[in-house]
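# Survey of secondary and tertiary structure
As a plain string of letters, each chain reads:
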Amino acid sequence: MAASSQNTSVGFIGLGIMGKAMARNILKAGFKLTVFNRTPEKAAELVQEGALLAESPAAVAAASDIVFTCVPDTPDVEKVLFGPGGVVEGAEAGMVVIDCSTISATATMEFAARLKEHEIDLVDSPVSGGPQGAVNGTLSCMIGGDDAVVTRCMPVFEAIGKTFVHIGPTGAGQITKSCNQLVICATMMGMSEAVALCKKQGIDPEKMRQALVGGAARSFVMENHCKRLIDETLDPGFRAALMLKDMKLAMTVGRDAGVFMPSTTLATQMLTALSETERAGLDSAAVGLVFQELSGIR
Ligand code: NAP
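Residues numbered from 1 in each chain as written. Predicted model: local features only at pLDDT ≥ 70, side-chain atom pairs only at ≥ 80, totals over all residues. Heavy atoms only, no water.

### Examining helix H4 (residues 74–82)
Within H4, the full set of buried residues consists of Thr-74, Val-77, Val-80, Leu-81 and Phe-82. Of the surrounding secondary structure, the elements contacted by the buried residues of H4 are strand S1 (9–13), helix H3 (57–62), strand S4 (66–69), helix H5 (87–90), strand S5 (96–99) and helix H6 (105–116). (Buried < 20%, exposed > 50% of the residue type's maximum accessible area, 1.4 Å probe, protein only. Helix = DSSP H or I, 4+ residues; strand = E, 2+ residues; numbered from the N terminus. Contact = heavy atoms within 4.5 Å.)

### Some points on the packing of aromatic side chains
Following the criterion strictly, the structure yields four aromatic pairs and no others. Between Phe-12 and Phe-68, the aromatic rings sit 5.5 Å apart at their centres with planes inclined by 5°, giving stacked as the arrangement. Placement of Phe-12 in strand S1 and of Phe-68 in strand S4 is noted, with a sequence separation of 56 residues between them. Here Phe-12 matches Phe-68 in class, with each residue buried. (Phe/Tyr/Trp six-rings, centres within 6.5 Å; stacked < 30°, edge-to-face > 60°.)

### Side note on the domain arrangement of the protein
We note that the domain assignment places domain 1 (9–170) and domain 2 (175–294) within the protein. Just the C-alpha atoms count here: the centres of domain 1 and domain 2 sit 28 Å apart. The interface is formed by 14 residues belonging to domain 1 together with twelve residues belonging to domain 2. For the pair domain 1 and domain 2, the summed buried area comes to about 1,000 Å², and 67% of that belongs to carbon and sulfur atoms. Inspection of the domain 1/domain 2 interface yields zero salt bridges. At the surface where domain 1 touches domain 2, the tally comes to four residue pairs in polar contact (both at pLDDT 80 or more). The class makeup of the residues in the side of domain 1 that touches domain 2 is nine nonpolar, four polar and one charged. (Domains from an automatic or database assignment. Buried area = accessible area lost by both parts, 1.4 Å probe. Salt bridge = Lys/Arg side-chain N within 4 Å of Asp/Glu carboxyl O. Polar contact = N/O pair within 3.5 Å; in protein donor to acceptor, adjacent residues only side chain to side chain. Nonpolar A, V, L, I, M, F, W, Y, C, P; charged D, E, K, R; others polar.)

### Remarks on the packing of helix H13 (residues 262–279) against helix H14 (residues 287–294)
Running from N to C, H13 and H14 point in directions that differ by 90°, and their axes come no closer than 9 Å. When the axis of H13 is compared with that of H14, the two are roughly perpendicular. Seen from H13, the contacting residues are Met-270, Leu-271, Ala-273, Leu-274 and Arg-279; seen from H14, they are Val-287, Leu-289, Val-290, Phe-291, Glu-293 and Leu-294. Here the contact of H13 with H14 is composed, by residue class, of nine nonpolar, no polar and two charged. (Axes fitted to C-alpha atoms, helices over the stretch in contact; angles between N-to-C directions. Parallel < 35°, antiparallel > 145°, perpendicular 65-115°, else oblique.)

### Things to note about the side chain of Glu-206
Here Glu-206 is to be found in helix H10 (residues 205–213). Among the polar contacts listed, one links the side chain of Glu-206 to the side chain of Gln-210, at a separation of 2.9 Å. Setting aside chain neighbours within four positions, we find Glu-206 in contact with Lys-227 and Ile-230.

Okay, structure coming up:
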């Protein structure tokens, strides 16, 4: 039976930049919502709006039919699922975990097998669209998992996103997300070079940006990241540390598949340079600053 706000309780673990906004949209869609955040104070607003606060991921699972996770990296997902007080300790058979974190595809398949031992299904659904897409409920969801389970969860997905593509079996969503991130980063490398070139040549980079978004070079990166870089409004957004994590995931997938990935390699190196100069907490668009430093502009 498809999930509805009448027959389905939803849980949400990880109320960060993305998770809090996604959880709010699930609440607005009328679902009973139970939340957990490592730092409980960050759940206060949602609790005021009607969510129930649980003291552990296990307690979220005990209260829910479908549990979303949205935490930074592979070890964090493993911890909230299988660690002390983790989801498996509270879940009943038949529960579904929807993981919206961007993590390793291989680990995702392994987590799915471990959850299956407890009769819990895992759907991987990394998202794209950024914090604004999370607030507006317009995310693109790249879904991997069993057909029937994905179909059952679709009404809850509709609360958080606008584009849903069921790519294939568990893990397929994560591989698609690597494609998404490497395309964004490749564009960001070109964008960073363009801004550095304008600065060096005494051309206003904002005028360059305006011209490009009116033509064939228009992209999310030119509209958003380029503006942030030019204005140096580099509060995240999407932290450079998370983008570096995503490039390392893409490198691993590419290496294992035997695919030549020079753009991803360059992006990984540039994001490493940014992170190793104590700027991992800035928005990923800050990578353009490194191009300017290497060009003698800054
Ligand atoms: P974030 O703002 O750093 O939030 C991370 C959340 O995870 C916080 O609630 C944090 O709790 C919690 N957390 C971290 N480690 C944990 C652990 N070991 N155990 C339990 N909870 C833990 O990150 P975000 O930007 O929302 O990103 C979350 C995921 O979505 C990442 O995989 C990211 O790659 C992906 N994503 C992000 C964006 C974006 O634009 N930001 C877009 C698409 C996808 P505390 O509050 O206690 O720190």
